[in-house]
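Tertiary structure, described
Given next are the chains, with one letter for each unit.
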Amino acid sequence: MRRRRLLQAGLALAGGSWAASSAAPPTAQPVGPQPTPLRRGSRIAALAPGTWLDPADPMLEQLSQRCAAEGWELLRPPSLSQRWRWFAGSDRQRLGALQQAWLDPRVDALFYVGAGWGSARVLESGFTFPASPRWCVGFSDCSALLLAQWAAGSVGGVHGWFSGDAAAWQRLVALLQHVPVPPLQGTPVQVGFARGPLVVSNLTIATSLIGTPWLPPLKGAILVLEDTGEAPYRIDRQLTQWRSSGLFDGLAGIGLGRFSWAEDDVLPGDFSMGEILLERLAPLGVPLVRDLPVGHGRPNLALPLGRLAELDGRTGQLRLLMTWTPETEPVLMRASQPARLGQEKPHETQAPHSRADHPQAAHR
């Protein structure tokens, strides 16, 4: 795999950083205890678990200002200036920063403000998530940490970013304060209705965790995927690996966020992105929705991992539920014949709106 060209652009975000089995997969677990809602006076540790970032980036100050407006304190320790080749410090240094943030009782949330690639190396170095709930926000390469957190039984991982417009930021704020948020609207592809815990990730990062203890159970879950810089043939390769590994067995439903790639990655006669997604996913027979406003680019609206949700393949809506009760037990109504995906949307072949929508602009 070639590295992302956009890596040269550095971090784009407002934020800082702080001091193959065919057997049936295990079932996703009900939502556990929720983290305490953020309030005025909450302290947030900013971490760079992957690629280095410039601590003088003016967008980091923007995040500080946004947090201050909510009455939160963003902690930006000296460890932000660490650098080892393309990483924000050595694996051991990044591991230490993550451990320190999790063990500090004064820290109410972790913001993963640096990504690029390398988050899984922190897991490989020995970090294990406590089962206690903790707000942790990030996406792209940091999906590895969010998935590992949910796999460990810890609730509070949020797939989202800190840049973007005020509406996207306020949605994230609402989630961190236990305030209901509007459903996400996508395009129906395959009808049906599903209810289950959310698992949200960058496809490439999740694929890299297959065979590790850091990929959570998916049976009964609603899986939301996005990716950037991957040509349709690479997406085909990854989805084939998921199918062959049995990881899609028992899924409740699938939502697709933004998939972007270079125009010259698709030659005449090739599958388009929409076609290959449909060809690989529709035969699973579960509700399928595309064009959710999630992933690299704008808008990138926050979704919490492990949160109970409903996916409606008829309306294209993904709705979060507040609690887990007998009335909201996971349910799956099998999908009917898939709709035709039609022409590619312009956003699938265009570059992202802004570097600010891409942590290090890439996940490797």
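Heads up: the structure comes first, above all this text.
Residues numbered from 1 in each chain as written. Predicted model: local features only at pLDDT ≥ 70, side-chain atom pairs only at ≥ 80, totals over all residues. Heavy atoms only, no water.

1. Considerations on empty space enclosed by the protein
Vacant regions in the atomic arrangement are exposed by a probe of water-molecule size rolled over the atoms. Worth spelling out the cut-off: Using a grid of 1 Å spacing that covers the protein atoms alone, one calls a set of points a cavity when a 1.4 Å probe fits there but cannot get out, and a pocket when the set is open and has protein on both sides within 12 Å along at least five of seven lines; lining residues are those with an atom within 4 Å of a point. Grid points are joined across faces, edges and corners, and a volume is the space filled by probe spheres set on the points.
Its boundaries defined by the atoms lining it, the second largest cavity holds a volume of some 60 Å³. In terms of lining, the second largest cavity is formed by Gln34, Trp135, Val155, Gly156, Leu175, Pro304, Leu305 and Arg307.

2. Looking at the pairing of strand S9 (residues 222-228)
The cut-off we apply is this: Only protein chains enter the accessibility calculation, which uses a 1.4 Å probe. A residue is then buried if its area is under 20% of the maximum for its type, exposed if over 50%, and partly exposed in between. Think of it this way: any DSSP run of H or I at least four residues long counts as a helix, any run of E at least two long counts as a strand, and we number them from the N terminus. Paired strands, as defined in this entry, are two strands with at least two bridges between them according to DSSP.
Most of S9 is tucked away: seven of the seven residues are buried. What you see with S9 is no split at all: Ile222, Val224, Glu226 and Thr228 on one side and Leu223, Leu225 and Asp227 on the other are buried throughout. In this structure, strand S8 (residues 193-202) lies alongside S9, joined through five bridges in parallel fashion. Bridging from a neighbouring strand, Leu198 pairs with Ile222 of S9.

3. Comments concerning helix H7 (residues 232-245)
Put simply, the test is: Multiply 1.5 Å by the residue count of a helix minus one, and that product is the helix's expected span. Contacts: residue pairs with any heavy atoms within 4.5 Å of one another.
Spanning 14 residues, H7 covers 20 Å between terminal C-alpha atoms, matching the ideal 20 Å at 1.5 Å per step. Each element contacted by the buried residues of H7 is listed here: helix H6 (203-208), S9, strand S10 (253-260) and helix H8 (273-281). Backbone geometry just after H7 places Gly246 at a positive phi near 80 degrees.

4. Description of the pattern of salt bridges
Basically, it comes down to this: Salt bridge, as used here, is a side-chain nitrogen of Lys or Arg placed within 4 Å of a carboxyl oxygen of Asp or Glu.
Applying the stated rule across the entire model yields ten salt bridges. With a shortest N-O distance of 2.8 Å, Arg195 and Glu310 are connected by a salt bridge. Separated by 115 residues along the polypeptide, Arg195 in strand S8 and Glu310 in strand S13 (residues 308-312) bring together distant segments of the chain. You can call Arg195 buried: its relative accessible area is 13%. According to the relative accessible area criterion, Glu310 is buried, its value standing at 9%. With its nearest N and O atoms 3.2 Å apart, the salt bridge here joins Arg290 to Asp291. Each of the two residues, Arg290 as well as Asp291, counts as buried. Through salt bridges with shared partners, a single network forms among Asp91, Arg94 and Arg121.

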